Amino acid sequence: MDTTRLPFFVYGTLRPGGVNHDAFLRGRTRAEEPARLHGALLYPGPGYPYAVEAPGGSVRGEVVTALPGEYEALLAELDRLEEYVPGDPRNLYDRVARTVVRDAGGTPLRAWVYVAAPAVAARLRATGRPISDGTWPVR
């Protein structure tokens with residue numbers, strides 16, 4: 001699978017109006033479009049959400065396409081924000097390529113998604129309560 005320069009699916013604080021949107025994305029994107037990630041449930045965390053892969057679930061967010069000159073720096077900054085290090089068992093999130101579906105026209109596309117890492121996902125499934133409509137409230 002070619003994962004070169006995939007767009008990002010954001011569903012929490014990086015969404016337009018979210019506390020991290022302006023700090024990381026404003027002026028660095030070519031497009032931000034409403035979309036859904038099917039096959040995941042959204043769980044609240046301590047001020048930010050986790051998408052946990054689960055059949056039958058759906059998470060609302062935006063698919064964000066970075067400006068070409070911003071892509072590499074943005075990818076590195078989002079990895080740092082999400083405290084994602086490839087292969088690190090202490091990760092809270094894993095960055096994975098998944099198919100998301102644009103709201104406009106239902107077009108599917110591959111995007112990077114930060115999903116709950118296995119240990120976090122197991123804990124949330126056991127003790128958490130998913131957000132019923134799959135939408136993180138933008139503050």
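For clarity, every value in this text was computed on a predicted model and none was experimentally measured.

Draft legend 1. Structural detail: the overall build of the protein. Counting its regular elements, the protein contains 3 helices and 5 strands. In the protein, the succession of α and β elements from N to C terminus is β-α-β-β-α-β-β-α. For the protein, the C-alpha radius of gyration of 14 Å lies close to 14 Å, the compact-globule estimate for 139 residues. Along the three orthogonal principal directions, the C-alpha set of the protein runs to about 40 × 35 × 35 Å. In the protein, which comprises 139 residues, the share counted as buried stands at 47%. In the protein, 68% of the contacts between residues at least 6 apart in sequence involve partners at least 24 apart. Within the structure as shown, the protein displays about 7,100 Å² of accessible surface, and the carbon and sulfur contribution to it stands at 54%. Between the centroid of the 17 positive side chains of the protein and the centroid of its 16 negative side chains there is a distance of 4 Å.

Draft legend 2. How the structure looks around unusual backbone geometry. The phi dihedral of E83 is positive, around 55°, even though this residue is not glycine. Mapped onto the elements, E83 comes out in the loop between α2 (71-81) and β4 (93-102). Residue E83 is classed as exposed on the basis of its relative accessible area of 53%.

Draft legend 3. Fine view of the pattern of salt bridges. Applying the stated rule across the entire model yields 10 salt bridges. In this structure, the salt-bridge partner of E72 is R5, at a minimum N-O distance of 3.7 Å. Placement of the pair is E72 in helix α2 and R5 in the segment before β1 (8-10), with a sequence separation of 67 residues. Judged by its relative accessible area of 49%, E72 falls in the partly exposed class.

Draft legend 4. Up close: the pairing of strand β2 (residues 29-44). Here 14 bridges tie β2 to strand β3 (residues 49-66), and the two strands are oriented antiparallel to one another. Within the sheet, the bridge partner assigned to P44 lies in β3 and is P49. What sits between β2 and β3 in their antiparallel hairpin is a turn of 4 residues, with G47 showing a positive phi close to 100°. Of the strand pairs in this sheet, β2 and β4 are connected by 2 bridges, and their pairing is antiparallel. Each residue of the ladder has a partner; that of A35, found in β4, is R102.

Definitions and limits used
Residues numbered from 1 in each chain as written. Predicted model: local features only at pLDDT ≥ 70, side-chain atom pairs only at ≥ 80, totals over all residues. Heavy atoms only, no water. Helix = DSSP H or I, 4+ residues; strand = E, 2+ residues; numbered from the N terminus. Rg over C-alpha atoms; globule rule 2.2 N^0.38 Å. Buried < 20%, exposed > 50% of the residue type's maximum accessible area, 1.4 Å probe, protein only. Contact = heavy atoms within 4.5 Å. Areas by Shrake-Rupley, 256 points an atom, 1.4 Å probe, with all protein chains shown as cover. Lys, Arg positive; Asp, Glu negative; His and termini not counted. Charge placed at Lys NZ, Arg CZ, Asp CG, Glu CD. Salt bridge = Lys/Arg side-chain N within 4 Å of Asp/Glu carboxyl O. Pairing = 2+ DSSP bridges.

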